[in-house]
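So you can see what is in the structure, the chains are spelled out below.
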There are 2 protein chains.
Amino acid sequence: MSHDEALPQVACSGDAVNSQIRSLLDRVGDKWSLLILGTLQAGPQRFTALLGGIDGISQRMLTLTLRHLERDGLVRREVYAVVPPKVEYELTDLGHTLLRPVLELVAWSQEHADEIDGHRAAYDAARG
Amino acid sequence: MSHDEALPQVACSGDAVNSQIRSLLDRVGDKWSLLILGTLQAGPQRFTALLGGIDGISQRMLTLTLRHLERDGLVRREVYAVVPPKVEYELTDLGHTLLRPVLELVAWSQEHADEIDGHRAAYDAARG
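None of these values were measured; they are calculated from a predicted model.

Caption draft 1: How the structure looks around the nonpolar core. Grouped together as the largest cluster of nonpolar side chains are 53 residues, with contacts concentrated most on Ile36, Leu37 and Val75 of chain A together with Ile36, Leu37, Leu66 and Val75 of chain B. Setting aside anything within four residues of it in sequence, one finds Ile36 of chain A in contact with Ile54, Ile57, Leu62, Thr65, Leu66 and Leu69 of chain A.

Caption draft 2: Structural view of the packing of helix α2 (residues 31-40) of chain A against helix α4 (residues 59-71) of chain A. Residues and elements named next belong to chain A. As a packed pair, α2 and α4 sit with axes 10 Å apart at the nearest point and diverge in direction by 75°. The orientation of α2 with respect to α4, classified from their angle, is roughly perpendicular. Judged by residue contacts, Trp32, Ser33, Ile36 and Leu37 of α2 engage Met61, Leu62, Thr65, Leu66 and Leu69 from α4. Classifying every residue of the contact of α2 with α4 gives seven nonpolar, two polar and no charged.

Caption draft 3: Local environment of the pairing of strand β2 (residues 75-80) of chain B. Residues and elements named next belong to chain B. Pairing analysis gives six bridges linking β2 to strand β3 (residues 86-91), with the strands arranged antiparallel. If you follow Tyr80 over to β3, its bridge partner there is Lys86. Between the end of β2 and the start of β3, which pair antiparallel, lie five residues.

Caption draft 4: Up close: the sheet that holds strand β1 (residues 45-46) of chain A. Residues and elements named next belong to chain A. If you trace the three strands from one edge of the open sheet to the other, you get β1-β3-β2, paired in antiparallel fashion. Taken across any chain shown, the strands that pair with only one partner, and hence form the sheet edges, are β1 and β2 (75-80). Here β1 runs beside strand β3 (residues 86-91); their pairing, made up of two bridges, is antiparallel. Note that in β3 the partner of Gln45 across the bridge is Tyr89.

Caption draft 5: Looking closely at the side chain of Ser33 of chain B. Residue and element names in this part refer to chain B. Position of Ser33 among the secondary structure elements: in helix α2 (residues 31-40). Taking the relative accessible area as the measure of exposure, Ser33 reaches 4% and is therefore buried. The residues touching Ser33, leaving out its near neighbours within four places in the chain, are Thr65 and Leu69.

What counts, and where the lines are drawn
- Going along each chain's sequence as written, the residues are numbered from 1 onward.
- Going through the entries in the order they are written, you letter the chains from A and number the ligands from 1.
- Predicted model: local features are reported for residues with pLDDT of at least 70 only, side-chain atom pairs are reported and counted for 80 or more only, and whole-chain, interface and lining totals are derived from all residues.
- Only heavy atoms go into the side-chain values, all of them from the structure, while hydrogens and water stay out.
- The criterion is simple. A nonpolar core is a set of buried Ala, Val, Leu, Ile, Met, Phe, Trp, Tyr and Cys residues joined through side-chain atoms within 4.5 Å.
- Buried, partly exposed and exposed residues are distinguished by accessible area as a fraction of the type maximum, computed with a 1.4 Å probe on protein chains only: under 20%, between the cut-offs, and over 50%, respectively.
- Here a residue-residue contact requires only that any non-hydrogen atoms of the pair lie within 4.5 Å.
- Simply put, an axis is a line fit to the C-alpha atoms, just over the touching stretch for a helix, and the angle between two N-to-C directions goes from 0 to 180 degrees.
- Numbering of helices and strands runs from the N terminus, with a helix taken as a DSSP run of H or I at least four residues long and a strand as a DSSP run of E at least two residues long.
- To sort the angles, those under 35 degrees are grouped as roughly parallel, those over 145 as roughly antiparallel, those from 65 to 115 as roughly perpendicular, and the leftovers as oblique.
- Put simply, Ala, Val, Leu, Ile, Met, Phe, Trp, Tyr, Cys and Pro go in the nonpolar bin, Asp, Glu, Lys and Arg in the charged bin, and everything else, Gly too, in the polar bin.
- Here, any two strands with at least 2 DSSP bridges between them count as paired.

Following this line, the structure appears as structure tokens:
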């Protein structure tokens, strides 16, 4: 089938794919991680700018998620020795490489949004 | 920067990217959807096979998630007129196209697993 031709090189059994999807979700599957990475795509940001820029995130959740992203090597915390001290967060090279497949997924979502809406309408119409 | 060269065609401001990531997550961002899609990559499956094959999913959650996937046009429910009736779920063409970027993300995760583990170890060591 044509849609299988160019699949990325991952194992092909459902079980193997599933254990890979699980470990992927454990690593980067939470909403806040993705939203922070998306926000940092535009460039380095201060904590307060992230807090204001990501709708619905709490200060505690932002702190925790940034720490996880920093621990994973996806985000770098940069402290500038100025008065008052300035702290910024920015994507590492590794973080940039992750953003690429994330944006592929976003592109898929945009590309097929109308098609999905059409399917939903048809599904709902068929069931009254 | 070289890692930005081949980014997919999506808007580049942090805000725009974030609203796209949000709508993506609303659409296909839950763990069970991705795990069902991953399982169906291997071919059509009956409900009971899915239930047994996806660790931790409840009968109710599987029913609900399949219904959402069917409504979105990602999964097809095929009823065979045999005795006893046989029902199978399979990926639609649209479902196959979604699996592709999902597997790109999985491939990223596999490719960088060791690197991430290394970052974690270094982070933990630096903080005692």
